[in-house]
Amino acid sequence: MPIITVSGTALRFESAPGDTVLQAALRAGLPWPYECSVGACGTCRFTIEAGEARVLRENPPGLSAMDRRKNRKLACQCVAETDLSVSAKIGVDGACVPIAPRRMSAVLSGARAVTHDMTEYRFRTAQAARFLPGQYALLALPGMNEARAYSMSNVANEQGDWIFVIRNVPNGLGSRALAALEAGATIALDGPYGGAWLRTDVPREIVCIAGGSGLAPMLSIARAAAATERRLHFYYGARTAADACGRAFVAELDGFGARVRCVEAISVHDHADAAWQGETGLIHDVVARDLAGAFDAYEFYVSGPPPMIAAVLNLLAVERGVPTAQIHFDRFF
Ligand code: FES
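Residues numbered from 1 in each chain as written. Predicted model: local features only at pLDDT ≥ 70, side-chain atom pairs only at ≥ 80, totals over all residues. Heavy atoms only, no water.

Asks: Could you clarify how one ought to interpret the pairing of strand S14 (residues 205-211) in this entry?
Replies: Consecutive residues of a regular strand have side chains that alternate between opposite faces of the sheet. In terms of burial, S14 is largely enclosed, as 6 of its 7 residues are buried. Here 6 bridges tie S14 to strand S18 (residues 298-303), and the two strands are oriented parallel to one another. Along S18, the bridge assignment pairs Cys 208 with Tyr 301. (Buried < 20%, exposed > 50% of the residue type's maximum accessible area, 1.4 Å probe, protein only. Helix = DSSP H or I, 4+ residues; strand = E, 2+ residues; numbered from the N terminus. Pairing = 2+ DSSP bridges.)

Rendered as structure tokens:
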């Protein structure tokens, strides 16, 4: 197996067949910076000083024109073909990957519609499901060249259950491949990944802000948090009343109505939604007017489409002065 050496450090690790440089590093427990694992965010940039690597995706959105001029690569899109010497900014503060990802076979054990375009899929692995609340897994689906990143909505468990709430995207290859799976179908599941996990050592009240298909990781965090004595404020933004499904999940949690509260909002309100009794407007505006007190007293977790993430970050970090260390999210686009 190829050996990857990080120049200027004593770090060396093996790359198993088919693993990207990022996967190899994480499996070795090294805290290689990353967010999306799929070539979109650019966080895993590095350069190859010696050796050969195969690039999975030409021109990934995570590389800028300047990155290309400087011959930078994405660790999540490169597979070592020989030993490599690489230059990368890997944390030197002793941090390590909390749970090293591993590749497993997963069997589809069930699926149910959550809304007209959201489906909950349940997979089971022979191994225990080990992940932190808010993390994601890479699913290799039939007919697709690249694995898709989907966040778990449940919490770690010994039975090996991995549950996902996934939006059926029109013409989306991933959601279409998932919808075509029959119960009992086996896929490859690789995980866990992601850095926006629930910080259990922080005593601040928790705020989860989810939009659309970003519901799953926030549910995972809410489920874990509800099992403690922490106060939880859960915000879910949907487009229409027919899309609003967050409250039904949160209402099942211990402490709901007391230390666990949910505010659900729809951004498009028309005659069809006449019976809607929740909030209306974009979810960052709802948070701005609903959340009490100084915002830096909270720990924030955010998941959703890029415009929503950008609007929430602007509200939290720019307008309300929340330290970035108190805002957790993974960029997927
Ligand atoms: Fe590699 Fe996002 S581009 S982790």
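Next comes the rest of the write-up.
Asks: Would you explain the pattern of salt bridges in this entry?
Replies: Should their charged atoms come close, side chains of opposite charge can pair. Tallied over the full model, the rule gives 16 salt bridges. For Asp 19, the salt bridge goes to Arg 103, with nearest N and O atoms at 3.0 Å. With Asp 19 in the loop between strand S2 (12-14) and helix H1 (21-27) and Arg 103 in strand S8 (residues 102-113), the pair connects residues that are 84 residues apart, well separated along the chain. With a relative accessible area of 2%, Asp 19 lands in the buried category. Classification of Arg 103 as partly exposed rests on a relative accessible area of 43%. Between Glu 81 and Arg 54 there is a salt bridge, with the nearest N and O atoms lying 3.5 Å from each other. Of the two residues, Glu 81 sits in the loop between strand S6 (78-80) and strand S7 (84-87) while Arg 54 sits in strand S4 (residues 53-55), which places them 27 residues apart along the sequence. What makes Arg 54 partly exposed here is its relative accessible area of 39%. Bridged by salt links that share partners, the residues Asp 19, Arg 27, Arg 103 and Asp 190 form one connected network. (Salt bridge = Lys/Arg side-chain N within 4 Å of Asp/Glu carboxyl O.)

Asks: Is there a simple way to explain the pairing of S18 in this structure?
Replies: Within S18, 6 of the 6 residues are buried, which leaves the element mostly enclosed by the surrounding structure. The two faces of S18 match: Tyr 298, Phe 300 and Val 302 on one face and Glu 299, Tyr 301 and Ser 303 on the other face are all buried. Pairing analysis gives 2 bridges linking S18 to strand S19 (residues 327-328), with the strands arranged parallel. In the sheet register, Tyr 301 faces S19, and the bridge partner there is His 328. As for the winding sense of the linkage, the β-α-β connection from S18 through helix H7 (residues 306-319) to S19 is right-handed. (Right-handed = clockwise from strand over helix to strand, strands pointing away.)

Asks: Explain the side chain of Asp 161 to me, please; I cannot follow it from the model alone.
Replies: Looking at the element boundaries, Asp 161 is found in strand S12 (residues 161-167). Take Asp 161: its relative accessible area is 12%, and that puts it in the buried class. At a separation of 2.8 Å, a polar atom in the side chain of Asp 161 contacts the side chain of Arg 124. The contact partners of Asp 161, leaving out residues within four places of it in the chain, are Phe 123, Arg 124, Ala 129, Phe 131 and Asn 154. (Polar contact = N/O pair within 3.5 Å; in protein donor to acceptor, adjacent residues only side chain to side chain. Contact = heavy atoms within 4.5 Å.)

Asks: Just checking my understanding: could you explain helix H4 (residues 215-226) for this structure?
Replies: Residues separated by three or four positions in an α-helix point in the same direction, a consequence of the helix having 3.6 residues per turn. Here H4 spans 16 Å end to end across 12 residues, near enough to the 16 Å set by a 1.5 Å rise per residue. Of all 12 residues in H4, 11 are buried; the element is thus mostly enclosed. Of all the positions in H4, only Leu 215, Ala 216, Pro 217, Met 218, Leu 219, Ser 220, Ile 221, Ala 222, Ala 224, Ala 225 and Ala 226 are classed as buried. (Expected span 1.5 Å × (residues − 1).)

Asks: What is the right way to look at the sheet that holds strand S11 (residues 148-151) in this model?
Replies: Working definition: the strands of a sheet are paired by backbone hydrogen bonds and lie parallel or antiparallel to each other. Here 6 strands make up an open sheet; going across it, the order is S11-S10-S13-S8-S9-S12 and the pairing antiparallel. The two strands at the open ends of the sheet, each matched to only one other strand, are S11 and S12. Averaged over all neighbouring strand pairs, the angle between strand axes comes to 40°, with direction disregarded. Sheet topology note: the S8/strand S9 (residues 118-125) ladder contains 7 bridges and is antiparallel. Bridge pairing in S9 places Ala 113 opposite Thr 119. (Axes fitted to C-alpha atoms, helices over the stretch in contact; angles between N-to-C directions.)

Asks: Would you mind showing me how to read the packing of helix H6 (residues 283-290) against H7 here?
Replies: Each pair of packed helices can be described by the angle between their axes along with the distance between the axes. Across the interface, H6 lies against H7 with an axial gap of 9 Å and an inter-helix angle of 25°. One way to sum up the angle between H6 and H7 is to call them roughly parallel. Handedness of the H6/H7 crossing: right-handed. From H6, Ile 283, His 284, Val 287 and Ala 288 reach across to H7, where they touch Met 308, Ala 311, Val 312 and Leu 315. Here the contact of H6 with H7 is composed, by residue class, of 7 nonpolar, 1 polar and no charged. (Parallel < 35°, antiparallel > 145°, perpendicular 65-115°, else oblique. Left-handed = near helix turned anticlockwise from the far one by under 90°. Nonpolar A, V, L, I, M, F, W, Y, C, P; charged D, E, K, R; others polar.)

Function cannot be read off these values alone, since they describe shape.
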